[in-house]
Amino acid sequence: FQVVDWEGNAVSFVNSNFMGFGTGIVPDGCGFTLQNRGAGFSFEEGHPNVIEPYKRPYHTIIPAMLTHSDTNELYATISNMGGFMQPQGHTQLTV
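All of the points below concern the structure found in this document. (Residues numbered from 1 in each chain as written. Predicted model: local features only at pLDDT ≥ 70, side-chain atom pairs only at ≥ 80, totals over all residues. Heavy atoms only, no water.)

### Considering the overall build of the protein
Scanning the protein from N- to C-terminus turns up one helix and four strands. In sequence order, the secondary structure elements of the protein are arranged as β-β-β-β-α. Taken over C-alpha atoms, the radius of gyration comes to 16 Å for the protein, far larger than the 12 Å a tight globule of 95 residues would show. Taken along the three principal axes of its C-alpha coordinates, the protein extends 45 × 40 × 25 Å. Residues counted as buried form 17% of the 95 residues belonging to the protein. (Helix = DSSP H or I, 4+ residues; strand = E, 2+ residues; numbered from the N terminus. Rg over C-alpha atoms; globule rule 2.2 N^0.38 Å. Buried < 20%, exposed > 50% of the residue type's maximum accessible area, 1.4 Å probe, protein only.)

### Examining a nonpolar patch on the surface
Residues Phe1, Val3, Val11 and Phe13 make up a contiguous nonpolar surface patch of roughly 370 Å² in combined accessible area. With respect to the helices and strands, the residue Phe1 is situated in the segment before strand S1 (2-4). (Patch = residues over 30% accessible without salt bridge, like charges linked within 9 Å, V, L, I, M, F, W, Y side chains within 5 Å. Areas by Shrake-Rupley, 256 points an atom, 1.4 Å probe, with all protein chains shown as cover. Salt bridge = Lys/Arg side-chain N within 4 Å of Asp/Glu carboxyl O.)

### Thoughts on the side chain of His90
Relative to the assigned elements, His90 resides in helix H1 (residues 86-94). Under the relative-accessibility criterion, His90 is labelled buried at 9%.

### Concerning the pairing of strand S3 (residues 64-67)
Inspection of the sheet shows S3 paired to strand S4 (residues 74-78) by four bridges, in the antiparallel sense. Across the sheet, the residue bridging to Leu66 is Ala76, located in S4. As consecutive antiparallel partners, S3 and S4 are separated by six residues, and within that stretch Asn72 has a phi angle of approximately 65 degrees, a positive value. (Pairing = 2+ DSSP bridges.)

### Side note on the environment of Ala64
By the element assignment, Ala64 lies in strand S3. Each C-alpha atom, one on Ala64 and one on Ala76, is 8.5 Å from the other, the two residues being twelve residues apart in sequence. Among residues more than four places away in sequence, those in contact with Ala64 are Ser12, Ala76, Thr77, Ile78 and His90. (Contact = heavy atoms within 4.5 Å.)

### A word on the layout of surface pockets
The volume enclosed by the largest pocket comes to roughly 150 Å³. In this structure, the largest pocket is lined by Phe18, Arg37, Gly40, Phe41, Asn49, Tyr58, His59, Thr60, Gly83 and Phe84. Residues that form the lining of the largest pocket fall into these classes: four nonpolar, five polar and one charged. (1 Å grid on protein atoms, 1.4 Å probe; cavity = no way out; pocket = protein on both sides within 12 Å on 5 of 7 lines; lining within 4 Å. Points joined across faces, edges and corners; volume = space filled by probe spheres on them. Nonpolar A, V, L, I, M, F, W, Y, C, P; charged D, E, K, R; others polar.)

### Some details on the side chain of Thr77
Checked against the element boundaries, Thr77 lands in strand S4. A distance of 2.9 Å separates a polar atom in the side chain of Thr77 from a polar atom in the side chain of Gln2. Non-local contacts of Thr77, meaning those with residues more than four positions away in its chain, are made with Gln2, Val4, Ala10, Val11, Ser12, Ala64 and Met65. (Polar contact = N/O pair within 3.5 Å; in protein donor to acceptor, adjacent residues only side chain to side chain.)

### What to know about the environment of Thr77
Note on Thr77: relative accessible area 16%, which makes it buried. Along the chain, Thr77 and Leu66 lie eleven residues apart, while their C-alpha atoms are 6.1 Å from each other.

Below, the structure written as structure tokens:
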């Protein structure tokens, strides 16, 4: 969801549970499942998506905010649900 208040404060939020119901773990009294979006990361040395220092592993949860280049004022908030097409989807929403 995207929220912008009358003062221009904004939130771009993506809630996503990978593989259906995420971890399948529901915290007592909360009514939602915990996410498991880290499932795409790897501990295998040499893997392109390995977690290691100074690296940002590829991840598809990408909420974003666009600002005007001259004033840095908010132009839009965007996000899309689309898994591995999300970087392309953001390009399509932006252009």
